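# Descriptive analysis of the structure
This is what each chain is made of:
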Amino acid sequence: MRAVAVDTVPANPQLSDVEAPRPEAGEVLVEVTSASVNGFDLSVAAGHVQGMLEHRFPLVRGKDFAGTVTELGEGVEGFAVGDQVFGVVMKPVLQAGTLAQFVTVPAAHGLARIPAGLSTLDAGALGLAGTAALDSLDAAQVAGGDTVLISGATGGVGALAVQLAAARGATVIATARPGAEADFVTGLTSADVDVDVVDYTGDLGGQVRAIAPDGVDVVLHLAGDGAELAGLLAKGGRIASTRGLTSDAVEIEDVTVYPIMADPTSQILTVLAEQAASGALRVPVTAIYPLEQAHEALAAFGEGSLGKIAVTCS
């Protein structure tokens, strides 16, 4: 099959022919219709994950996917050949990836059906970013009346977090440069929902304090200096970080740090999919590349593209 794979890390991705996978016990084989690019893909390519997870080569890139179940491994229940599914590949060993024509996925984790009303293109870009956004908001206990600063609002996780936080009734302050970035962020929510945009290239602290003089209740640390962002919290504030921030790095009393490692359970994926299918949540796909141009998609992501980049695989 065609797949974007590497034979070592660090390495640049190459479209090549690799042996098609077969599902092991408890797995399903999915013919991939669409996938998307995430920061994890760049970390793998750069060799940053080598000490954390076993690598087996050829290693196919990609975590998100949407497609059709074509084969069931032994013992799989709850799914059938022909089901339209999406999710995130969650395995203890890095080898199976979704920038390919086929991928094997554990049926018990990281897999859910695509509901009516949700396209495979959007589903293939929803799993990992949506889970990271929802896990961050849940960990920080974001609720109506909270003021939430989202640092990294223009990325896939941030763009979904802006919408999810606003839907909970929170006041959202989002970082973006003036112009296309700011327009993108303010266009994520309905016209009756105001999102305050602050320019992270300027006096970020001054801009945030002008909106929330006593500090914000919650920070979602998806980009930027986490310790600096924590200084913008009100007393008793919470900061959820997908960037490895820990309590040791925040020398401020009465601030709680929540390190986030996205866990795309079937339940979480189903919740996200239902919201997206209903129109309550928009998957912010801003660019689409065919599998043959996946290297361009990865490069565009690395340059700081807005929202989510999708890759069509069939």
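These numbers were taken from a predicted model, which means no experiment stands behind them. (Residues numbered from 1 in each chain as written. Predicted model: local features only at pLDDT ≥ 70, side-chain atom pairs only at ≥ 80, totals over all residues. Heavy atoms only, no water.)

Helices and strands together make up the secondary structure of the protein, namely nine helices and 18 strands. Compactness check: the protein gives a C-alpha radius of gyration of 19 Å against a globular reference of 20 Å for 314 residues, within 12% of the reference. Taken over the C-alpha atoms alone, the protein extends approximately 60 × 40 × 35 Å along its principal axes. When each of the 314 residues of the protein is scored for burial, the buried share is 51%. (Helix = DSSP H or I, 4+ residues; strand = E, 2+ residues; numbered from the N terminus. Rg over C-alpha atoms; globule rule 2.2 N^0.38 Å. Buried < 20%, exposed > 50% of the residue type's maximum accessible area, 1.4 Å probe, protein only.)

Moving on, we get to the nonpolar core. Phe86, Leu126, Ile150, Val162 and Leu220 are the most contacted members of the largest nonpolar core, which has 44 residues in total. When residues of this core are traced back to their parent elements, those giving at least two are helix 3 (127-139), strand 11 (147-151), helix 4 (156-167), strand 12 (171-175), helix 5 (180-186), strand 14 (216-221) and helix 8 (266-278). Looking at which element gives the most residues to this core, the answer is helix 4, with seven residues. Setting aside anything within four residues of it in sequence, one finds Leu126 in contact with Phe86, Leu118, Thr131, Leu160, Leu272, Ala273, Ala276, Leu281 and Val283. Listed in part, the 26 residues of the second largest apolar core include Val28, Val30, Ala297 and Leu298. (Core = buried A, V, L, I, M, F, W, Y, C linked by side-chain atoms within 4.5 Å. Contact = heavy atoms within 4.5 Å.)

With that settled, the discussion passes to the packing of helix 3 against helix 8. Contact pair helix 3 / helix 8: the axes reach a minimum separation of 10 Å and the direction vectors enclose 100°. When the axes of helix 3 and helix 8 are compared, the pair comes out roughly perpendicular. Touching Gly127, Gly130, Thr131, Leu134 and Asp135 of helix 3 are Ile268, Leu269 and Leu272, all from helix 8. In terms of residue class, the contact of helix 3 with helix 8 is built from four nonpolar, three polar and one charged. (Axes fitted to C-alpha atoms, helices over the stretch in contact; angles between N-to-C directions. Parallel < 35°, antiparallel > 145°, perpendicular 65-115°, else oblique. Nonpolar A, V, L, I, M, F, W, Y, C, P; charged D, E, K, R; others polar.)

Strand pairing in a sheet takes place through backbone hydrogen bonds and is either antiparallel or parallel in direction. With parallel pairing, the six strands of this open sheet are ordered in space as 13-12-11-14-15-16. The open sheet has two edge strands with one neighbour each: strand 13 (195-198) and strand 16 (256-259). Between one strand axis and the next, the sheet turns by 20° as a mean value, whatever way the strands run. Direction of pairing for strand 11 relative to strand 12: parallel, over a ladder of four bridges. Bridge assignment links Leu149 to a residue of strand 12, and that residue is Ile173. Packed onto the sheet, helix 6 (residues 204-211) meets strand 11, strand 12, strand 13, strand 14 and strand 15 (233-241) and runs at close to 155° relative to strand 13. (Pairing = 2+ DSSP bridges.)

For Thr98, the location among the structural elements is in the loop between strand 8 (93-94) and strand 9 (102-106). With a relative accessible area of 0%, Thr98 lands in the buried category. There is a polar contact of 3.3 Å between the side chain of Thr98 and the backbone nitrogen of Lys63. Ignoring sequence-local partners within four residues, the contact set of Thr98 consists of Val32, Ala35, Val60, Arg61, Gly62, Lys63, Asp64, Phe65, Val89, Val103 and Cys313. (Polar contact = N/O pair within 3.5 Å; in protein donor to acceptor, adjacent residues only side chain to side chain.)

On to the environment of Leu29, then. Tracing the backbone through its elements, the reader meets Leu29 in strand 3 (residues 27-36). Of the residues examined, Leu29 reaches a relative accessible area of 7% and is grouped as buried. Taking the C-alpha atoms as reference points, Leu29 and Asp122, 93 residues apart in sequence, are found 20 Å from one another. Among residues more than four places away in sequence, those in contact with Leu29 are Pro21, Pro23, Thr68, Val69, Thr70, Glu71, Phe102, Val103 and Thr104.

In this section: the sheet that holds strand 1 (residues 2-6). Ordered in space as 2-1-5, the three strands form an open sheet in which the pairing is antiparallel. Two strands bound the open sheet, and with one partner strand each, they are strand 2 (14-17) and strand 5 (59-60).

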